[in-house]
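Each chain, letter by letter, is given below.
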Amino acid sequence: MDASIEEGVAWQIKANRQKREMSQEELGRLIGTTQSGISRAEDPEYGKHSLETLVKMAHAFDCALSVRFIPYSKLAEESQDLSPAALYAPSFEEEFGQGNVDG
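Described in the following lines is the structure provided in the data block.

Thresholds applied
- Residues numbered from 1 in each chain as written.
- Predicted model: local features only at pLDDT ≥ 70, side-chain atom pairs only at ≥ 80, totals over all residues.
- Heavy atoms only, no water.
- Helix = DSSP H or I, 4+ residues; strand = E, 2+ residues; numbered from the N terminus.
- Rg over C-alpha atoms; globule rule 2.2 N^0.38 Å.
- Buried < 20%, exposed > 50% of the residue type's maximum accessible area, 1.4 Å probe, protein only.
- Contact = heavy atoms within 4.5 Å.
- Areas by Shrake-Rupley, 256 points an atom, 1.4 Å probe, with all protein chains shown as cover.
- Lys, Arg positive; Asp, Glu negative; His and termini not counted.
- Charge placed at Lys NZ, Arg CZ, Asp CG, Glu CD.
- Core = buried A, V, L, I, M, F, W, Y, C linked by side-chain atoms within 4.5 Å.
- Salt bridge = Lys/Arg side-chain N within 4 Å of Asp/Glu carboxyl O.
- Polar contact = N/O pair within 3.5 Å; in protein donor to acceptor, adjacent residues only side chain to side chain.

**Here we look at the overall build of the protein chain**
Of regular secondary structure, the protein chain possesses 7 helices and 0 strands. Traced from its N-terminal end to its C-terminal end, the protein chain shows the element sequence α-α-α-α-α-α-α. Rg of the C-alpha trace for the protein chain: 14 Å, near the compact-globule value of 13 Å for 103 residues, within the 12% margin. For the protein chain, the residues scored as buried account for 25% of the 103 residues in total. Excluding contacts between residues fewer than 6 apart, the proportion of contacts in the protein chain whose partners are at least 24 apart in sequence is 67%. Counting only carbon and sulfur atoms, one obtains 49% of the accessible surface of the protein chain, whose full area is about 7,300 Å². Separation between the mean location of the 10 positive side-chain charges and that of the 18 negative ones in the protein chain comes to 4 Å.

Okay, structure coming up:
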């Protein structure tokens, strides 16, 4: 379970950064760290992602961050597709578009 979570978080960071055409240096600047800090965060074996850093990344990516306790079966299900497309979280603007939010 730990390895699945560590790998999944690292792969999500990389997939979202790359899809947004951000360099590691640029993402680092946005969240107040270095390029090497982003490189570590994208390493599937790192496993020391802090909630504070993940929140900063969500802000930089303009997407939500969800941290939940879930059953092992759900974790296994979510781990079936780890393609960049499945790991990508669209930004708020990309998802809803400017002026397209119902309300």
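We are not done yet, so read on.
**Digging into the nonpolar core**
Val9, Ile13, Met22, Leu27, Ile31, Ile38, Ala41, Leu54, Met57 and Phe61 together form the largest nonpolar core, which totals 10 residues. Ranked by residue count, the leading element in this core is helix α4 (residues 51–61), at 3 residues.

**What to know about the side chain of arginine 20**
Among the structural elements, arginine 20 can be located in the loop between α1 (2–19) and α2 (24–31). Buried charged residue arginine 20 carries no salt bridge. Nearest counter-charge: glutamate 94, at 5.4 Å. What arginine 20 contacts, discounting residues up to four positions off in sequence, is Phe61, Cys63, Tyr88, Ala89, Pro90 and Ser91.

**Observations regarding the pattern of salt bridges**
Under the counting rule described, the total for this entry stands at 4 salt bridges. Two residues, glutamate 52 and lysine 56, come together in a salt bridge whose shortest N-O distance is 3.7 Å. Taken together, the positions of glutamate 52 and lysine 56, both in helix α4 and 4 residues apart, correspond to about one turn of that helix. Residue class for lysine 56 comes out partly exposed when judged on its relative accessible area of 36%.

**A look at the environment of glutamine 24**
For glutamine 24, the position within the fold is in helix α2. The spatial distance from the C-alpha of glutamine 24 to the C-alpha of lysine 14 is 8.8 Å, given a sequence separation of 10 residues. Leaving out residues up to four positions away in the same chain, glutamine 24 has contacts with Arg17, Gln35, Ile38, Ser39 and Glu42. Within the structure, glutamine 24 has its side chain in polar contact with the side chain of glutamine 35 (distance 2.5 Å).

Any functional reading would require information beyond the geometric quantities listed.
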